[in-house]
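Examining the three-dimensional arrangement
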Amino acid sequence: MEEKKKYYLTTAIAYTSGKPHIGNTYEIVLADAIVRYKRFLGYDVRFQTGTDEHGQKIENKAMEAGITPKQLVDSVSGEIKRIWDLMNTSYDKFIRTTDDYHEKQIQKIFKKLYDQGDIYKGTYEGMYCTPCESFFTSSQLVDGKCPDCGREVQPMKEEAYFLKLSKYQDRLMEHINSHPEFIQPESRKNEMVNNFLKPGLQDLCVSRTSFKWGIPVDFDPGHIVYVWIDALSNYITGLGYDVDGNNSKDENGTDLYEKFWPADLHLIGKDILRFHTIYWPIMLMALDLPLPKQVFGHPWLIQSDGKMSKSKGNVIYADNLVDVFGVDAVRYFVLHEMPFESDGVVSWELICERNNSDLANTLGNLVNRVISMTNKYLGGVAANKGVSEEVDENLKETILAAPVAVEKKMDELRVADAITEIFNVFKRCNKYIDETEPWILGKDEAKKDRLSTVLYNLIEGITIGASLLSAFMPETAVKIADQLGVSLRASDELSSFGLNKDDNKVTQKPEILFARLDVEEVLAKAEEFSPKTESEKSDDESTQDEALIDIPKKDEVSIEDFFKMQFQVGQIVDCKAVEKSKKLLCSQVRIGSEIRQIVSGIRKYYTPEEMIGKKVMVITNLKPARLAGLLSEGMILCAEDADGNLSLMTPEKDMPSGAEIC
């Protein structure tokens, strides 16, 4: 049997500074569509993603929250993985840069580069951007601020190790010139060459001493490895690469590094292109390892008022979108609406529009009509009676051309265009219905064989379209096939029209694939997810009298009984969802010098990430109880409104953990 072609794709690993928004999530969905399509074509695929968990920003954020950096990254990494899983992404490896194997290999990589003279010790003085964790010269700043994120920079001087970028500059330039496919799109390549390589590379600072949360340089423990050497190397450490040649193997004894490296594609955001097309290739050259075959810097998915940020209050999260539209509708939007090179725009209104026009109307209505007519006129079975007309040939030509067109677009990573080709199949099927008028044929018994042929052709066309769609909207493709009573086709079966069996029976009760949504109702739902601005909060406060509610009175208690209860301020240092429950969160709460585990039924109102760092009011002398098998040692207090919404009770001022509430 012929050995399958190998295909290794990585995304950038997500930084564990917070919950990923839909712009961050776009990358993992795009990567998933690419690898699902490669598997569809018969490739042996390796798909790696993960989280980047070291750096000063993490250390600072953990300190502000009163928790350890590891507790912070454990929580955020879990949230990122939850979103990736929610979006039905089929990664093979989720690497964390706090994984033991990765950390040990980073130390070995750093030592090897130092021993061979590619890393040397010196002193760095420059302008430092903490959010980007990058140094810049004064000439690189834009209006005195970070050229990447536009934030303030601080002058900084410290002892550091440096990687000799200049040593490999000419070799990298030669590689880029001789491999035009290496950096894509073309505009990104021009940017890297003109802005960085041609002016000349300065050696790169690759260690830090001003913070501790990172991988120590084992031969000089005062230094930690610079985040980009740490993060970029995940693409090989995740395959089990070992500097000494003793690569680890998977459970089947396979050396994944030997099998899959070099990567076929690094899929990354355009903002980190420099690190992947200059620093990373030079690191690989210094290690005498092959370079990845291609780096694709995709554009951003932004709001109409600019890049998403919490400070602007314009962040849209994937899980909120899924609550309203469903997973595949969100996947469709981000894949179909993102241009190849320029930034795409996302909004609740736009997704609603696409849901109603493309998904509910073009696709969903098509499937529903064909199934309904097959049941109504043919008892659910549409056989190919061979009663053909000229219009049938045009339909078949359009459908059989689609797999070739899709493959061409996917080879160029033009995913949006590939989806357009697939939906052209569904549009052609809708037009074919108008041309053949099955409802007219169904009234004439003499035209029954022609009607059967028409509906057979439609089922066949939809089957081929759904098979192509499976890489982009996997759940929807399976639903379509199940309702049509067919199996999705393999890629080598798409060059033939007429493979459906004549006795296949469609479902009697077709499910609505995508319901039409009212945009006003969608926007009202979106408002519930949106963070309130200060003015909105003030408006709420000005009408607070209207929000007062009465609750049933409980029996009076004596002051002595009240004083038996102990209330204290606690700080949540870690929080996880309880796997076997849809309602419960399990929090680790610091109360003074003690850590208590408290289980609370507030999962509907707070995510684990939101809980970490909060100071809350706790009943601390409540008798311990077990909830969902977990010991709960107290109760976190909440307020509840008339609609059943909960809000944590938090101290108005910054009170220390353990302070008594009296």
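Residues numbered from 1 in each chain as written. Predicted model: local features only at pLDDT ≥ 70, side-chain atom pairs only at ≥ 80, totals over all residues. Heavy atoms only, no water.

**Describing the pattern of salt bridges**
Condition: Within this document, salt bridges are pairs made up of a side-chain nitrogen of Lys or Arg and a carboxyl oxygen of Asp or Glu, the two lying within 4 Å of each other. Secondary structure counts use DSSP, requiring at least four H or I residues in a row for a helix and at least two E residues in a row for a strand, with both numbered from the N terminus. Burial here depends on accessible area, computed with a 1.4 Å probe over protein chains only, as a share of the maximum for the residue type. Under 20% is buried, over 50% is exposed, and the range in between is partly exposed.
All told, the structure shown has 38 salt bridges when counted by the stated rule. With a closest N to O distance of 4.0 Å, glutamate 79 and lysine 19 form a salt bridge. One end of the pair, glutamate 79, is in helix 3 (residues 69–86); the other, lysine 19, is in the loop between strand 2 (14–15) and helix 1 (22–40), with 60 residues separating them in the sequence. According to the relative accessible area criterion, glutamate 79 is buried, its value standing at 4%. Here glutamate 412 makes a salt bridge to lysine 408, at a shortest N to O gap of 3.1 Å. Shared partners join several salt bridges into a network, and the residues in it are Lys19, Glu79, Arg82 and Asp319.

**Side note on the sheet that holds strand 6 (residues 134–136)**
Quick note on the threshold: Note: two strands are recorded as paired if DSSP finds a minimum of 2 bridges between them.
Ordered by their spatial adjacency, 4 strands build an open sheet running 6-5-7-9, and the pairing between neighbours is antiparallel. One side of each edge strand has no neighbouring strand; the edge strands of this open sheet are strand 6 and strand 9 (204–205).

**Section: the pairing of strand 7 (residues 154–163)**
Of the strand pairs in this sheet, strand 5 (residues 119–129) and strand 7 are connected by 10 bridges, and their pairing is antiparallel. Counterpart to glycine 126 in the pairing with strand 7 is methionine 156. In the sheet, strand 7 pairs with strand 9 via 2 bridges, with the strands oriented antiparallel. Of the residues in strand 9, the one forming a bridge with phenylalanine 162 is cysteine 205.

**A closer look at unusual backbone geometry**
Cis geometry is found at the peptide bond from glutamine 184 to proline 185, where omega equals -5°. Proline 262 follows tryptophan 261 through a cis peptide bond whose omega is 5°. Position of proline 262 among the secondary structure elements: in the loop between helix 9 (256–260) and strand 12 (265–269). In this model, aspartate 288 sits at a positive phi of 60°, which is unusual for a non-glycine residue. By secondary structure assignment, the location of aspartate 288 is in the loop between helix 10 (273–286) and strand 13 (295–298). The phi dihedral of leucine 413 falls on the positive side, at around 60°, and the residue is not glycine. Locating leucine 413 in the fold gives a position in the loop between helix 14 (390–411) and helix 15 (415–436). Accessibility expressed as a relative area gives 10% for leucine 413, which makes it buried.

**A look at the nonpolar core**
This is how the line gets drawn: Nonpolar cores are built from buried Ala, Val, Leu, Ile, Met, Phe, Trp, Tyr and Cys residues. Side-chain atoms within 4.5 Å join them into one set. Should any heavy atoms of two residues lie within 4.5 Å, those residues are considered in contact.
In this structure, Ile22, Ile34, Phe325, Leu335, Ile462 and Phe472 are the most contacted members of the largest nonpolar core, which totals 122 residues. Per-element accounting of this core gives the leading share, 12 residues, to helix 13 (residues 348–378). Setting aside anything within four residues of it in sequence, one finds isoleucine 462 in contact with Leu366, Val367, Val370, Phe426, Cys429, Ile480 and Leu484.

**Remarks on the pairing of strand 16 (residues 567–577)**
A large share of strand 16 lies buried, amounting to 9 of its 11 residues. Relative to strand 25 (residues 660–661), strand 16 runs antiparallel, the two sharing 2 bridges. Among the inter-strand pairings, glutamine 568 is bridged to a residue of strand 25, identified as glutamate 660.

**Some words on the side chain of asparagine 247**
The condition is simple: We call two N or O atoms a polar contact when they sit within 3.5 Å, provided that within protein one can donate a hydrogen and the other can accept it, with sequence-adjacent residues counted only if both atoms are side-chain atoms.
Mapped onto the fold, asparagine 247 is located in the loop between helix 8 (234–237) and helix 9. On the basis of relative accessible area, asparagine 247 is assigned to the buried category, the value being 9%. A polar side-chain atom of asparagine 247 sits 3.2 Å from a polar atom in the side chain of aspartate 255. Beyond its immediate chain neighbours, meaning those up to four positions away, asparagine 247 contacts Gly240, Tyr241, Asp242, Asp255, Tyr257 and Glu258.

**So, a negative patch on the surface**
Let me state the cut-off plainly: A patch consists of residues exposed above 30% relative accessible area that lack any salt bridge, with like charges linked at up to 9 Å and nonpolar side chains (Val, Leu, Ile, Met, Phe, Trp, Tyr) linked at up to 5 Å. Accessible areas in this description were obtained via Shrake-Rupley with a 1.4 Å probe; residue shielding takes into account the shown protein chains only. Note on charges: Lys and Arg go in the positive column, Asp and Glu in the negative column, and His and the chain ends are not counted at all. Charge placement uses NZ in Lys and CZ in Arg. For Asp and Glu, CG and CD serve respectively.
On the surface, Glu349, Asp518, Glu520 and Glu521 cluster together into a negatively charged patch. You can see aspartate 518 is positioned in the loop between helix 18 (474–484) and helix 19 (519–529). Taking relative accessible area as the criterion, aspartate 518 reaches 38% and is therefore assigned partly exposed.

**Quick notes on the environment of phenylalanine 340**
Within the element layout of this structure, phenylalanine 340 appears in the loop between helix 12 (327–336) and strand 15 (344–345). C-alpha of phenylalanine 340 to C-alpha of arginine 414: the two residues are 74 residues apart in sequence and 6.1 Å apart in space. Sequence-distant contacts of phenylalanine 340, defined by excluding residues within four places in its chain, comprise Pro185, Phe296, Pro299, Glu412, Leu413 and Arg414.

**Considerations on the confidence of the model for the protein chain**
The line we're drawing: The predictor rates its confidence in each residue with pLDDT, a number between 0 and 100.
For the protein chain, the average pLDDT comes to 90, and 93% of its residues sit at 70 or higher. Of the regions scoring below 50 in pLDDT, residues 533–552 engages in 7 contacts with residues more than four places distant in sequence or in other chains.

**What to know about the packing of helix 14 against helix 17 (residues 448–469)**
Formally: All axes are obtained by fitting lines to C-alpha atoms, using only the stretch in contact for helices, and the reported angles, taken between N-to-C directions, cover 0 to 180 degrees. If an angle is under 35 degrees, it is roughly parallel; if it is over 145, roughly antiparallel; if it lies from 65 to 115, roughly perpendicular; otherwise it is oblique. Residue type decides the class: Asp, Glu, Lys and Arg count as charged, Ala, Val, Leu, Ile, Met, Phe, Trp, Tyr, Cys and Pro as nonpolar, and the leftover types, Gly among them, as polar.
Running from amino to carboxyl end, helix 14 crosses helix 17 at an angle of 10°, the nearest separation of the two axes being 10 Å. Between helix 14 and helix 17, the angle falls in the class roughly parallel. Packed against helix 14, whose contacting residues are Val391, Asp392, Leu395, Lys396, Ile399, Leu400, Ala402, Pro403 and Val406, the element helix 17 presents Arg450, Thr453, Asn457, Gly461, Ile464 and Leu468 at the interface. Of the residues that constitute the contact of helix 14 with helix 17, the class distribution is 9 nonpolar, 3 polar and 3 charged.

**Re the packing of helix 12 against helix 18**
As a packed pair, helix 12 and helix 18 sit with axes 8 Å apart at the nearest point and diverge in direction by 120°. Put simply, helix 12 runs oblique to helix 18. Taking contact as the criterion, the partners of Val327, Asp328 and Arg331 in helix 12 are, on helix 18, Pro474, Glu475 and Thr476. Its residues placed into classes, the contact of helix 12 with helix 18 shows 2 nonpolar, 1 polar and 3 charged.

**Comments concerning helix 15**
Our working rule: Given a helix with a known number of residues, its expected span is that number minus one, times 1.5 Å.
If you check helix 15, its first and last C-alpha atoms are 32 Å apart, about what 22 residues at 1.5 Å a residue would give, namely 32 Å. Following helix 15 by one or two positions, glutamate 437 adopts a phi angle in the positive range, close to 50°.

**Topic: the environment of glycine 570**
With respect to the helices, strands and loops of the structure, glycine 570 is situated in strand 16. Relative accessible area serves as the criterion here: at 0%, glycine 570 is assigned to the buried category. Excluding residues that lie within four positions of it along the chain, glycine 570 makes contacts with Val589, Arg590, Ile591, Lys614, Lys615, Val616, Val618 and Ser657.

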